[in-house]
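Here is what each chain is made of, one letter per residue.
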Amino acid sequence: MVKEAIFILRFQNEGMSVWDKYKRYVEQACLGTDTSHWSAVDFWRNKLFARAISFIIPLSLIALIPGIYIAFITDNQGLIIFDVIIIAGLITLAHLPNIPIQWRKIGFTFLVYSVGIMLLFLLGNAGPGLVYLFAITIFMIIIFPSKYSFLSTFINTAICLIFGLLLHYELVVYSTGPGTERIGFEAWVAISSNLIFLGAVFSFLFPHLFEGMKSSFEKQEELTKDLKQQQAQLKESLQDLENKNKELEQFAYVASHDLQEPLRMVSSFMGLVRDKYNDQLDSKGKQYIHFAIDGASRMQQIIIDLLEYSRAGRVDEEKEICSIDEMLSEVREELHPKITELTGMVHWKSMPDVMAYRTHLKRLFLNLINNGLVYHQKGQKPIVQLSYEETETHWQFCVQDDGLGIDPINFDKIFVIFKRLHRKEDFAGTGIGLAICKKIAELHGGRIWVESTVGYGSKFYFTIKK
Ligand code: ADP
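Draft legend 1. Representation of the overall build of the chain. Across its full length, the chain carries 13 helices and seven strands. In terms of overall dimensions, the chain is more spread out than a globule: its C-alpha atoms have a radius of gyration of 44 Å, far above the 23 Å expected for 466 residues. Principal-axis analysis of the C-alpha atoms gives the chain an extent of 140 × 45 × 40 Å. Put simply, the chain has 466 residues, and 38% of those count as buried. Counting only contacts in the chain whose residues sit at least 6 apart along the sequence, the fraction spanning at least 24 positions is 69%. One finds the centroid of the 47 positive side-chain charges in the chain at a distance of 3 Å from the centroid of its 51 negative side-chain charges.

Set out below in structure tokens:
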């Protein structure tokens, strides 16, 4: 955080007024370049000091003019010289490079104390001098580390004691106004003890504030560090997961691909056995062979679907602008035999063009429309309607059917691989289609869900990111 603040300080120089440039120059001279070892509280203490110095120089120049005037009418050349020395000292502290900031602070404290003491000496009135002492007390508490907070109280006590003695021996004379009584030692103690008391109260209170700030800065820094660590871990885990997923997909692909060949052999040899030895087999034997061939062909279908499932996550094509109208016409063409068989209907109003992986998106529509036709009410001609909505970030499509409908408790289950709600005797299938749809929707930065009432059809929604 400190480094960032310095960076902003140093490089935001363009388009600044002369005053801003001057302030920045003083801050850079005071703060230097290596601030990495400062805590956040130290950084802000130092920055405040630098900012204060940059303000005090022009202010003291303004104060010098009435000072010179008063010195002139009271015939006090010493005051003029003193003023000039103080301002020269301030300018030197602000501009000289390569002085550690602690020394600048000590120099500044020394200068302000000198002003206070001089005023106490020369003015014949304690007010302005005490105000300076109080101001530097507060300033010291703020700019120096908390362990030095009581230092100003000790210095003030010493100065007040010395001036008490000076008053006692009439080396300094104060009066509250023209023709009024002089301030004696007791009255001085009463006045100056206010300064010491207030200084002590602030010396006690301010460090608590700084400690509080320090601990919340530290907590914040710790939290940021933790957060960064967690983010890095999360990134690593995500990368891990991605790699594992890829491996798994690769495995599913290879395994299902390689399984096809032996399976083909099993079913074709069983077919040969059936054809060649049909006469010698009794009905039980024929039934067993039928089961074996049926099992093998179902397994073949599962393997084909698995292969497709593993392909659904792979991106081996570029995204392109796809006309959904065209895509749906192709799907309807492919499903033509089924539509004719069921005397069904698939229709939609005009659809948009979207950026997508063409093959994948087509597969998604095909699966949903196919299901909408397959899971129809007995004796009813299935009607599948498609529609879409455009949101700010996504395209949302809906595939609606008037079929069997789905119980809400199964809304999530049906998107899980191999999960089916119907027996294979009633409806053929492997339970992979919707899992593929889910993968494809996610591949397009979207999601898929269903709304349905049993007996009243279903609406499958999916989104793809624009
Ligand atoms: P499959 O159709 O091969 O069984 P899917 O993953 O496509 O696999 O579907 C999973 C299950 O969800 C289906 O077995 C069916 O029970 C149910 N289902 C899918 N689509 C519909 C639909 N439009 N209407 C009613 N049930 C459906």
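Having seen it, we continue.
Draft legend 2. Quick peek at the pattern of salt bridges. Here the structure, examined in full by the defined rule, presents 16 salt bridges. Between Asp275 and Arg274 there is a salt bridge, with its nearest N and O atoms 3.6 Å apart. According to the relative accessible area criterion, Arg274 is partly exposed, its value standing at 37%. Of the charged contacts, one joins Glu425 and Lys424 as a salt bridge, the two residues approaching to 3.2 Å between their closest N and O atoms. The class for Glu425 is exposed, based on a relative accessible area of 53%. Through salt bridges with shared partners, one network takes in Glu330, Glu334, Arg358 and Lys362.

Draft legend 3. How the structure looks around the sheet that holds strand S4 (residues 383–390). Judged by pairing direction, the sheet is mixed, and its five strands sit side by side in the order S2-S4-S5-S7-S6 without closing on themselves. The open sheet has two free edges, formed respectively by strand S2 (345–348) and strand S6 (448–452), since each of these has just one partner strand. In this sheet, neighbouring strand axes are inclined to one another by 20 degrees on average, regardless of whether the strands run parallel or antiparallel. Relative to strand S5 (residues 394–401), S4 is paired through seven bridges, and the arrangement is antiparallel. Residue Leu386 lies in a different strand from S5, and its bridge partner there is Val399. Along the sheet, helix H12 (residues 358–374) makes contact with S2, S4, S5, S6 and strand S7 (458–465), crossing S7 at roughly 175 degrees.

Draft legend 4. A look at the site of the ligand. Asn371, Tyr375, Arg420, His422 and Leu434 are the nearest of the 18 residues found near the ligand. In this structure, Tyr375 approaches the ligand through a side-chain N or O atom, which is 2.7 Å from an oxygen atom. Here an oxygen atom of the ligand and a side-chain polar atom of Arg420 are 2.5 Å apart. In the complex, the protein chains occlude 96% of the 530 Å² of accessible area that the ligand would expose alone. Counting residues per element, the ones that place at least two in the shell around the ligand are helix H13 (433–443) and S7. Across the shell around the ligand, the residue classes break down as seven nonpolar, eight polar and three charged.

Draft legend 5. Highlighting unusual backbone geometry. Backbone geometry at Thr343 places phi at a positive 45 degrees, although glycine is not the residue there. Among the structural elements, Thr343 can be located in the loop between helix H11 (336–342) and S2. Assessed through its relative accessible area of 46%, Thr343 is described here as partly exposed. One non-glycine residue, Phe418, lies in positive phi territory at about 70 degrees. Here Phe418 lies in the loop between S5 and H13.

Draft legend 6. Region of interest: a nonpolar patch on the surface. A cluster of nonpolar side chains, contributed by Trp19, Phe55, Leu59 and Ile62, occupies part of the molecular surface with about 400 Å² of accessible area. Among the elements that make up the nonpolar patch, the one with the highest residue count is helix H3 (residues 40–73) (three residues).

Draft legend 7. Seen up close, the packing of H12 against H13. Contact geometry of H12 with H13 gives a least axis separation of 9 Å together with a crossing angle of 145 degrees. Considering how the two elements wind past one another, H12 and H13 form a crossing that is left-handed. Facing His360, Leu361, Arg363, Leu364, Asn367, Leu368 and Asn371 of H12, the residues of H13 in contact are Gly433, Leu434, Ile436, Cys437, Ile440, Ala441 and Leu443. For the contact of H12 with H13, the per-class residue count stands at nine nonpolar, four polar and one charged.

Draft legend 8. Inspection of helix H10 (residues 324–334) at higher detail. All buried positions along H10 are accounted for by Ile324, Met327, Leu328 and Val331. Taken end-on, H10 shows its buried residues confined to a sector of 95 degrees, consistent with a single buried face. Looking at the buried residues of H10, the elements they touch are strand S1 (320–323), S2, strand S3 (353–356), H12, S4 and S5.

Draft legend 9. Region of interest: the state of the cysteines. Summed over all chains, the structure comprises zero disulfides. Here Cys322 stays free of any disulfide, with the sulfur of Cys437 as its closest cysteine sulfur at 16 Å. Residue Cys322 is classed as buried on the basis of its relative accessible area, which comes to 0%. The cysteine Cys398 is free of any disulfide, with Cys437 supplying the nearest cysteine sulfur at 13 Å.

Draft legend 10. Structural detail: the packing of aromatic side chains. A full pass over the atoms with the stated rule returns 18 aromatic pairs. Seen from their ring centres, Phe163 and Trp188 are 6.5 Å apart, and the 45 degrees between their planes marks the pair as tilted. Taken as a pair, Phe163 in helix H7 (residues 151–168) and Trp188 in helix H8 (residues 185–276) lie far apart in primary sequence, 25 residues in all. Pair check on accessibility: Phe163 and Trp188 agree, each one buried. Ring geometry for Trp449 against Tyr461: centres 5.3 Å apart, planes inclined by 15 degrees, an arrangement best described as stacked.

Draft legend 11. Representation of the environment of Arg363 within the structure. Here Arg363 shows up in helix H12. A relative accessible area of 29% means that Arg363 is categorised as partly exposed. As a C-alpha pair, Arg363 and His394 span 31 residues in sequence and 19 Å in three-dimensional space. In this structure, Arg363 is in contact with Glu308, Ile436 and Ile440, ignoring residues within four places of it in sequence.

Draft legend 12. Structural detail: the environment of Leu421. Topologically, Leu421 is positioned in the loop between S5 and H13. Leu421 gets classed as partly exposed once you look at its relative accessible area, which sits at 38%.

The rules we used
- Residues numbered from 1 in each chain as written.
- Predicted model: local features only at pLDDT ≥ 70, side-chain atom pairs only at ≥ 80, totals over all residues.
- Heavy atoms only, no water.
- Helix = DSSP H or I, 4+ residues; strand = E, 2+ residues; numbered from the N terminus.
- Rg over C-alpha atoms; globule rule 2.2 N^0.38 Å.
- Buried < 20%, exposed > 50% of the residue type's maximum accessible area, 1.4 Å probe, protein only.
- Contact = heavy atoms within 4.5 Å.
- Lys, Arg positive; Asp, Glu negative; His and termini not counted.
- Charge placed at Lys NZ, Arg CZ, Asp CG, Glu CD.
- Salt bridge = Lys/Arg side-chain N within 4 Å of Asp/Glu carboxyl O.
- Pairing = 2+ DSSP bridges.
- Axes fitted to C-alpha atoms, helices over the stretch in contact; angles between N-to-C directions.
- Near = heavy atom within 4 Å.
- Polar contact = N/O pair within 3.5 Å; in protein donor to acceptor, adjacent residues only side chain to side chain.
- Areas by Shrake-Rupley, 256 points an atom, 1.4 Å probe, with all protein chains shown as cover.
- Nonpolar A, V, L, I, M, F, W, Y, C, P; charged D, E, K, R; others polar.
- Patch = residues over 30% accessible without salt bridge, like charges linked within 9 Å, V, L, I, M, F, W, Y side chains within 5 Å.
- Left-handed = near helix turned anticlockwise from the far one by under 90°.
- Arc of directions from axis to C-beta.
- Disulfide = S-S within 2.5 Å.
- Phe/Tyr/Trp six-rings, centres within 6.5 Å; stacked < 30°, edge-to-face > 60°.

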